[in-house]
Amino acid sequence: MKKIVFVLNPHSGKALIKNALLKIIQVFSEAGYDVTVYPTKAPLDGYEYLKKREGQYDVLVCSGGDGTLNEVVRAVLEYQGDKPPIGYIPSGSTNDFATSLNIPKDMVRAAQHIAAGEPVQCDIGRANGERSFNYVAAFGAFTEVSYATPQHLKNLLGHQAYVLEGVKSLAALKPYKVKVTSNELQVEDSFVYGMVSNTESVGGMRGLAGTGVDLQDGLFEVTLIKEIKNPMEVQQLVTAFLSKNFEKCDVLYSFKTSKITFESEEAIKWTLDGEYGGEWKEMRLEVEPRAIEFIIKKRKEKTKKLN
Ligand SMILES: Nc1ncnc2c1ncn2[C@@H]1O[C@H](COP(=O)(O)OP(=O)(O)OP(=O)(O)O)[C@@H](O)[C@H]1O
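Described in the following lines is the structure provided in the data block. (Residues numbered from 1 in each chain as written. Predicted model: local features only at pLDDT ≥ 70, side-chain atom pairs only at ≥ 80, totals over all residues.)

## What to know about the overall build of the chain
Scanning the chain from terminus to terminus reveals ten helices and 15 strands. Residues classed as buried in the chain amount to 42% of the 307 residues present. (Helix = DSSP H or I, 4+ residues; strand = E, 2+ residues; numbered from the N terminus. Buried ≥ 20, exposed ≤ 12 C-beta atoms within 10 Å, placed from the backbone.)

Here it is in structure tokens:
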């Protein structure tokens, strides 16, 4: 009998998991799995639990927000032997990455997709050779948002919390002098925002990272916003984001890369998958191509697009 473990953060999002838990277990059981359920007790508990149990499960399913998913991926990346596929049942406040994987918001449906789904390979990011990130590493405006927003506020406002905080931080944009080095671009300038991502949606907003996002092309999208000096530049930026056409915007760089370094004289705070990622004077971001398998619903066009 194949073994599935279901690791869940009981407090994530609005704790909706409690209404769906029994049905989710039934879905996996009826699909022929021997099911183990593990509710996490604290940050890093999910990571440690799975790390210690390498080789014991055929499929790892997790439910929570981006932070919980990040822990599960991190454990699997550290496995020495086979890396089991990961199923994700989102229950966080924004769930950007789930949107990119076309995972339904309804938890029981998400479980059904996993039970009948297939694994697809996905690129993963690595920050300064250590911490992994699934879909976004960023600094500057907006990035304080997710780790500075308390859980109860996130639960209350959901995705609006991000937008509200984002607008607030727009009023106090602090530029950072940064040297950016990649094969595609070498530049030294003042930036208010920098993002390296592998997702169609960031902070609940689609299109921020440009178009043509492919989760397994070995490339992440880079979006850099320069210091904004006048109202015309603000307008340019708004137009670029609304039209999703970044080419004519002088205050923005948008390109794809597999490796990029950010260097600055002062330490800059980073966020990795919406969680605090530390303060760094040098941040090296690298793509690990197709490092993880996610189980998603079998779908002709999706399979075509991803493979
Ligand atoms: N039982 C727990 N108590 C406290 N924190 C936990 C617990 N289980 C997990 N965590 C930690 O809480 C952090 C946030 O959890 P998670 O990402 O699952 O939910 P969220 O914050 O609601 O979602 P999102 O990040 O999408 O808004 C994670 O870093 C996770 O490790």
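Okay, back to it.
## Re unusual backbone geometry
Even without being glycine, Leu44 reaches a positive phi, approximately 75°. You will see that Asn102, though not glycine, has its phi angle at about 60°, which is positive. With respect to the helices and strands, Asn102 occurs in the loop between helix H4 (96–100) and helix H5 (107–115). On the basis of neighbour counts, which here come to 13 C-beta atoms within 10 Å, the residue Asn102 falls in the partly exposed class.

## A closer look at the site of the ligand
Of all residues adjacent to the ligand, which total 23 residues, the nearest are Gly64, Gly65, Gly67, Thr68 and Gly92. Here the element with the most residues in the shell around the ligand is helix H3 (residues 66–77); it accounts for four residues. Taken together, the residues that form the shell around the ligand break down as three nonpolar, 14 polar and six charged. No fewer than three residues from each of domain 1 (2–116) and domain 2 (131–288) sit in the shell around the ligand. (Near = placed C-beta within 6 Å. Nonpolar A, V, L, I, M, F, W, Y, C, P; charged D, E, K, R; others polar. Domains from an automatic or database assignment.)

## Re the packing of helix H1 (residues 17–30) against H5
One way to put it is that H1 packs onto H5 with a least axis distance of 9 Å and a crossing angle of 20°. Looking at the two axes, H1 sits roughly parallel to H5. Seen from above, H1 lies across H5 with right-handed handedness. For the pair formed by H1 and H5, the contact residues are Ile17, Ala20, Lys23, Ile24, Val27 and Phe28 on the first element and Met107, Val108, Ala111, Gln112 and Ala115 on the second. (Axes fitted to C-alpha atoms, helices over the stretch in contact; angles between N-to-C directions. Parallel < 35°, antiparallel > 145°, perpendicular 65-115°, else oblique. Left-handed = near helix turned anticlockwise from the far one by under 90°. Contact = placed C-beta atoms within 7 Å.)

## As for H1
Between its first and last C-alpha atoms H1 spans 19 Å; for 14 residues at 1.5 Å apiece the expected length is 20 Å, and the two agree. Most pronounced at Lys23, the bend in H1 amounts to some 25°. Within H1, the full set of buried residues consists of Ile17, Ala20, Ile24, Val27 and Phe28. Structurally, H1 contributes buried residues whose contacts are with strand S1 (2–8), strand S2 (33–39), strand S3 (59–64), strand S4 (86–90) and H5. One or two residues past the end of H1 sits Gly32, with phi positive at roughly 95°. (Expected span 1.5 Å × (residues − 1). Bend = angle between axes of the 7 residues up to and from the residue.)

## What to know about H3
Over its twelve residues, H3 extends 16 Å from the first C-alpha to the last, a length consistent with the 16 Å expected when each residue adds 1.5 Å. Taken as a whole, H3 has its buried residues at Asp66, Thr68, Leu69, Asn70, Glu71, Val72, Val73, Ala75 and Val76.

## Section: the pairing of strand S13 (residues 252–257)
Alternating residues of S13 divide into Leu252, Ser254 and Lys256, all buried, and Tyr253, Phe255 and Thr257, none buried. Sheet analysis places strand S12 (residues 220–226) next to S13, joined by six bridges and oriented antiparallel. Across the sheet, Glu221 pairs through a bridge with Lys256, a residue of S13. (Pairing = 2+ DSSP bridges.)

## Side note on the packing of helix H2 (residues 45–52) against H3
It is at 8 Å that the axes of H2 and H3 come closest, and there the two elements cross at 25°. Looking at the two axes, H2 sits roughly parallel to H3. Seen from above, H2 lies across H3 with right-handed handedness. Where H2 approaches H3, its residues Gly46, Tyr47, Leu50 and Lys51 are matched on the opposing element by Thr68, Glu71, Val72, Arg74 and Ala75.

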